[in-house]
Amino acid sequence: MAAFDAVFVGSGINALAGAALLSRSGWSVCVLEREDVLGGCIRTSTDLTAPGFTHEVLASWHPLFTGSPAYAELKDELERRGLEYLNTELPTGTAFPDGSSAFLTTSLEENMAELDRHAPGDGDRWKEMFESFMRNADLSFGVLGTELWSTAGLSLGRQAYRRFGRRGLLAFAGEVLVSCRDWLGETFESQAAHGLLAPWVLHTGLGPDQATSGFMTQVIACALQLGGMPVPKGGGVVLVDALAGIVRDAGGEVRTGAEVERILVSGGRATAVRLAGGETVQAGRAVVASVTPTQLYGSLLGDGEVPADVSTAAARYRYGRGEMQIHFALSELPDWDGDERLGKTAIVHVTPGLDGVSRAVNEAERGLLPAEATIVCGQPLTIDPSRAPEGSSILWIQLQELPAGRLKGDAAGELDVGDGTWTDGLCEAYADRVTERLGRHVRNLERATISRVVLSPADIAAMNVNLVGGDIYGGSCALDQNLLFRPLPQAPGHRTAVDGLWHIGASTHPGPGLGAGSGYLVAKELTKPALARRLLTRVPFVGR
Ligand SMILES: Cc1cc2nc3c(=O)[nH]c(=O)nc-3n(C[C@H](O)[C@H](O)[C@H](O)COP(=O)(O)OP(=O)(O)OC[C@H]3O[C@@H](n4cnc5c(N)ncnc54)[C@H](O)[C@@H]3O)c2cc1C
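Residues numbered from 1 in each chain as written. Predicted model: local features only at pLDDT ≥ 70, side-chain atom pairs only at ≥ 80, totals over all residues. Heavy atoms only, no water.

A. Local environment of the overall build of the chain. A count of helices and strands for the chain gives 19 helices and 22 strands. The C-alpha atoms of the chain give 23 Å as radius of gyration, which agrees with the globular expectation for 544 residues (24 Å, within 12%). Counting only C-alpha atoms, the chain reaches 65 × 55 × 50 Å along its principal axes. Looking at the 544 residues of the chain, the share that counts as buried comes to 58%. Contacts in the chain between residues at least 24 apart in sequence constitute 72% of all its contacts with a sequence separation of at least 6. Per element, the accessible surface of the chain, about 21000 Å² overall, is 51% carbon and sulfur. Of note, the chain has its 47 positive side-chain charges centred 9 Å away from the centre of its 64 negative side-chain charges. (Helix = DSSP H or I, 4+ residues; strand = E, 2+ residues; numbered from the N terminus. Rg over C-alpha atoms; globule rule 2.2 N^0.38 Å. Buried < 20%, exposed > 50% of the residue type's maximum accessible area, 1.4 Å probe, protein only. Contact = heavy atoms within 4.5 Å. Areas by Shrake-Rupley, 256 points an atom, 1.4 Å probe, with all protein chains shown as cover. Lys, Arg positive; Asp, Glu negative; His and termini not counted. Charge placed at Lys NZ, Arg CZ, Asp CG, Glu CD.)

Here's what the structure looks like:
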């Protein structure tokens, strides 16, 4: 029986970063991945469309990783292993149906000028918003980077109290809860500014009318100006290989095709995992599971190993909207209609604006295929030309407003959704609608297409068991399942009711994205001096 200090279930960004950090602290680590490739949502492929084209099949953009404490700590070693981040000064823009557009750059002055172009005064409003956000950025980013159910979480609360006082703290909390629609309406005059920022709320798993979506939009807007849109040269696989290399070179194991089917508990403590096929891998100090609560409490642990209220809550854990990916290999660079900056922008959202995003989210949440989905059009070549042959290009398209579960109909009344499952025919027909709309903006889209590959929510779910129903964020990010409540109010944070078993991944705080936050927090907790850990950091909570 193989034996390690820590065994990680899954090899997503959180597990790999956590495993690398523990390996550097002298722990012996084993990472077990059920798929044939490492990296979870980071999947770089050179055989998806046509020879010579490199695609990020799933996640593509790394601002959360390059802004993370995990990266700060591992940067030198990752660079020694070949990781190089490339960036852009034009991270995002929106193309509207009338041919107009709006842009966000990495320059405060340019952003002020751009917003003033649409409504005089919005430039100053942007500056005011940015400066006011930055005054409390330590708290805002702190909420997303701290183990909230710990003394660190309490001291963040105390810090906020000292800064704002009782009423001020209440007002700050109110600002965190505001919806994207209300925040945009109160802050900017122009519909263009609303349409530029509102689509970003989709990237946080929310819709523009949900609680906290205004705060999340501000976090992203400021982060884009500060950090641009970095991507690893050559694709995310370079990051995955570098992280796995750190673990292996420290004597650890990183295995694919290794499905964990059971976490073994002895005397209330997680001591090992059992793989499909019967092999057992022993964990002397920790089992760290990067899975959904559904899997953790529904099948990896046995009956009675956690309190009944935890299992019951886990069975009710909700998944969010489904997502579709469309990948294009193009024989030419995209020829955008309108502003020449569109061809240089990393991510262009194609949408009628705030109401368009809101309408499409609402249709998806009612089980309908949206009539006019927000097209997230990623252009990796604006940053990394190595991903396609000279003169040609690729597009990375996301459609984040699709129903969770069975389809009930088509909001446009055009497509027959049959029994509500994603057939190849339905998938291609829906992609045709999106392609036709995108073609109104990218004039050479049809002519230049060498290959188009469409992945339905069902295809995405089949690639990674954590993406239930094609929810790319590992569970709904609605307030009752987010922040203090993620993954479950009965088992929040990362410690579980089983000693030595830790829960990480997108389903846990600080949620989805490539920030490696949960892997980092758990690695830091595990490597704290034992006495300090026992005396200082343990805050009792429900479920223990
Ligand atoms: C299509 C798509 C596009 C995205 N785009 C971006 C983006 O551009 N930027 C960004 O920041 N975020 C993006 N995201 C979100 C982000 O990629 C994810 O939130 C994040 O990668 C999740 O990481 P994770 O650590 O939770 O693990 P995951 O990446 O979900 O990986 C978990 C791994 O665990 C394995 N596993 C699960 N159960 C077991 C088991 N029992 N035994 C063994 N292995 C198991 C799975 O096979 C999987 O490989 C995107 C996600 C998707 C799907």
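Past the structure itself, the notes keep going.
B. Just the sheet that holds strand β6 (residues 92-95), in detail. Pairing within the open sheet is mixed, and its seven strands lie in the order β7-β6-β14-β16-β17-β13-β19. At either end of the open sheet lies a strand with only one pairing partner, and these are β7 (101-104) and β19 (449-455). The mean inter-strand angle of the sheet, taken between neighbouring strand axes irrespective of direction, is 20°. Where helix α15 (residues 424-439) meets the sheet, it contacts β13 (322-330), β14 (347-350), β16 (375-378), β17 (393-402) and β19, and its direction lies at approximately 130° from that of β19. (Pairing = 2+ DSSP bridges. Axes fitted to C-alpha atoms, helices over the stretch in contact; angles between N-to-C directions.)

C. Fine view of the packing of helix α1 (residues 13-24) against helix α11 (residues 237-249). With their axes 8 Å apart at the nearest point, α1 and α11 run at an angle of 35° to one another. Crossing geometry of α1 relative to α11 is assigned as left-handed. The residues of α11 that touch α1, namely those facing Ile13, Leu16, Ala17, Ala19, Ala20, Ser23 and Arg24, are Leu239, Val240, Leu243, Ile246 and Val247. Of the residues belonging to the contact of α1 with α11, the class tally is 10 nonpolar, one polar and one charged. (Left-handed = near helix turned anticlockwise from the far one by under 90°. Nonpolar A, V, L, I, M, F, W, Y, C, P; charged D, E, K, R; others polar.)

D. Seen up close, the site of the ligand. Neighbouring the ligand are 36 residues; Glu33, Cys41, Gln295, Ala506 and Gly513 lie closest to it. Within the backbone of Val260, an N or O atom sits 2.9 Å from a nitrogen atom of the ligand. Contact with the protein chains removes 96% of the 1000 Å² of surface that the ligand exposes when unbound. At the level of secondary structure, the elements contributing two or more residues to the shell around the ligand comprise α1 and β13. For the shell around the ligand, the residue count by class is 17 nonpolar, 14 polar and five charged. (Near = heavy atom within 4 Å. Polar contact = N/O pair within 3.5 Å; in protein donor to acceptor, adjacent residues only side chain to side chain.)

E. Up close: the nonpolar core. Core analysis: the biggest nonpolar cluster contains 55 residues, and Trp61, Trp126, Leu184, Phe188, Leu197 and Met229 have the highest contact counts within it. Take this core: its biggest share by element is seven residues, from helix α10 (residues 213-227). Non-local contacts of Leu184, meaning those with residues more than four positions away in its chain, are made with His194, Leu197, Ala198 and Leu354. Judged by nonpolar contacts, the second largest core, of 42 residues, contains Ala15, Leu243, Val288 and Ala523. (Core = buried A, V, L, I, M, F, W, Y, C linked by side-chain atoms within 4.5 Å.)

F. Region of interest: the side chain of Ser190. Relative to the elements of secondary structure, Ser190 occurs in the loop between α8 (180-187) and α9 (191-197). Given the relative accessible area of 6%, Ser190 is considered buried. If near-sequence neighbours (up to four positions away) are discounted, Ser190 is found in contact with His118, Ala119 and Asp122.

G. Representation of empty space enclosed by the protein in the model. For the structure on display, the rule yields two cavities of 30 Å³ or more. Around the largest cavity, the lining residues are Gly205, Gly320, Arg321, Gly322, Glu323, Gln400, Asp471, Ile472, Tyr473, Gly475, Ser476 and Cys477. Residue composition of the lining of the largest cavity, by class: three nonpolar, six polar and three charged. By volume, the second largest cavity is sized at about 40 Å³. Lining the second largest cavity are Thr54, His55, Glu56, His327, Pro380, Arg387, Ile394, Leu395 and Trp396. Mapped onto the lining of the second largest cavity, the elements with two or more residues apiece are β4 (55-56) and β17. Of all the elements, β17 adds the most residues to the lining of the second largest cavity, at three residues. (1 Å grid on protein atoms, 1.4 Å probe; cavity = no way out; pocket = protein on both sides within 12 Å on 5 of 7 lines; lining within 4 Å. Points joined across faces, edges and corners; volume = space filled by probe spheres on them.)

H. View of the layout of surface pockets. Taken as a whole, the second largest pocket spans an internal volume of roughly 600 Å³. Along the wall of the second largest pocket there are 23 residues; nearest its centre are Val143, Leu148, Ala173, Val176 and Leu484. Residue assignment for the lining of the second largest pocket shows that the elements contributing at least two residues are α6 (137-145) and α7 (151-177). Top element by residues in the lining of the second largest pocket is α7. It accounts for 11 residues. Classifying every residue of the lining of the second largest pocket gives 18 nonpolar, five polar and no charged.

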